[in-house]
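If you want the building blocks of each chain, they are given just below.
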Amino acid sequence: MAILGNITFYADDPRALAHFWSAVFGYPASEWEDPLRQELLDSGLTAEELDKRALAEDPEGRGPRLFFHHAVGPKAGRNRIHLDVNLPRDADDARTHDERLDAEKDRLVALGATVVRVVDQQWGPWGEHYYQLQDPEGNEFCLQ
């Protein structure tokens, strides 16, 4: 059986996009720090090559690991796959789900996300209320 490794993004600025997604998930911003940085440089990589890749990683290993690789060209068209970002459950928070959703949307916009649209519809017997957003490089994701 396979297990999920990285979720990989092509990016114009891998470091900046990794820092955005680290902030989304509450991960510490990651850098190529010693001794790993030196090990990579000693293996023949250059500082320029290190600048073309970055990580957003849960230090506890529970959340997804995101890997960012420099794109060879600009993003064109819509993603064929996107992330769904869910609000955590918080029994101590007295706000309604919609109030919490709006507050998280505002936080993500302050980090650099852009709102594409709000979706408020029925899908069969289930209501759908979420935001479609884009990260700073235009990758679509949903906040629900």
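To keep things clear, this report deals only with the structure shown in the data block. (Residues numbered from 1 in each chain as written. Predicted model: local features only at pLDDT ≥ 70, side-chain atom pairs only at ≥ 80, totals over all residues. Heavy atoms only, no water.)

Here we look at the sheet that holds strand E7 (residues 140-143)
Each strand in a sheet pairs with its neighbour through backbone hydrogen bonds, running either in the same direction (parallel) or in the opposite one (antiparallel).
In step 1: Strand order in the open sheet formed by 4 strands is E4-E7-E6-E5, with mixed pairing between adjacent strands. This sheet does not close on itself; its edge strands, each paired only once, are strand E4 (83-85) and strand E5 (114-123). Direction aside, the axes of adjacent strands within the sheet are offset by 25° on average.
In step 2: Where E5 and strand E6 (residues 126-134) come together, 9 bridges link them in antiparallel fashion. Paired with Val-119 across the two strands is Tyr-130, which belongs to E6.
In step 3: Contacting E5, E6 and E7, helix H4 (residues 97-111) runs over the sheet at an angle of about 10° to E6. (Pairing = 2+ DSSP bridges. Helix = DSSP H or I, 4+ residues; strand = E, 2+ residues; numbered from the N terminus. Axes fitted to C-alpha atoms, helices over the stretch in contact; angles between N-to-C directions. Contact = heavy atoms within 4.5 Å.)

Quick notes on the nonpolar core
In step 1: Membership of the largest hydrophobic core comes to 22 residues, with the highest contact counts inside it found for Phe-9, Trp-21, Leu-66, Phe-68, Leu-108, Phe-141 and Leu-143.
In step 2: Of all the secondary-structure elements, those providing two or more residues to this core are strand E1 (6-11), helix H1 (14-25), strand E2 (53-56), strand E3 (65-70), E4, H4, E6 and E7.
In step 3: Tallying contributions element by element places H1 first for this core, with 5 residues.
In step 4: Core analysis: the second largest hydrophobic core is formed by 5 residues, Trp-32, Leu-40, Leu-55 and Phe-67 among them. (Core = buried A, V, L, I, M, F, W, Y, C linked by side-chain atoms within 4.5 Å. Buried < 20%, exposed > 50% of the residue type's maximum accessible area, 1.4 Å probe, protein only.)

What to know about H1
In step 1: If you check H1, its first and last C-alpha atoms are 17 Å apart, about what 12 residues at 1.5 Å a residue would give, namely 16 Å.
In step 2: Within H1, the full set of buried residues consists of Pro-14, Leu-17, Ala-18, Phe-20, Trp-21, Ser-22 and Val-24.
In step 3: Tucked into the core, H1 has its buried residues touching E1, E2, E3, E4, H4 and E7.
In step 4: Gly-26 lies just past H1 and shows a positive phi near 75°. (Expected span 1.5 Å × (residues − 1).)

Topic: the pattern of salt bridges
In step 1: Taken as a whole, this structure holds 8 salt bridges when the rule is applied.
In step 2: A salt bridge links Glu-140 to Lys-75, with the nearest nitrogen and oxygen atoms 3.7 Å apart. With Glu-140 in strand E7 and Lys-75 in the loop between E3 and E4, this residue pair connects regions lying 65 residues apart in the sequence.
In step 3: For Glu-140, a relative accessible area of 11% translates into the label buried.
In step 4: Asp-93 is paired through a salt bridge with Arg-95; the nearest N and O atoms lie 2.7 Å apart.
In step 5: Sharing partners across several salt bridges, the network here consists of Asp-93, Arg-95 and Arg-100. (Salt bridge = Lys/Arg side-chain N within 4 Å of Asp/Glu carboxyl O.)

Some thoughts on the side chain of Gln-132
In step 1: If you trace the backbone, Gln-132 turns up in strand E6.
In step 2: Residue Gln-132 is classed as buried on the basis of its relative accessible area, which comes to 8%.
In step 3: In this structure the side chain of Gln-132 is engaged in a polar contact, spanning 2.6 Å, whose partner is the side chain of Arg-117.
In step 4: Gln-132 has contacts with Arg-78, Thr-114, Val-115, Val-116, Arg-117, Glu-140, Phe-141 and Cys-142, leaving out every residue within four places of it along the chain. (Polar contact = N/O pair within 3.5 Å; in protein donor to acceptor, adjacent residues only side chain to side chain.)

Focus on the environment of Ile-7
In step 1: Residue position: Ile-7 is located in strand E1.
In step 2: Assessed through its relative accessible area of 24%, Ile-7 is described here as partly exposed.
In step 3: Sequence separation between Ile-7 and Leu-83 is 76 residues; the distance between their C-alpha atoms is 9.4 Å.
In step 4: Not counting the four nearest positions on each side in its chain, Ile-7 is found in contact with Pro-64, Arg-65, Leu-66, Phe-67 and Leu-83.

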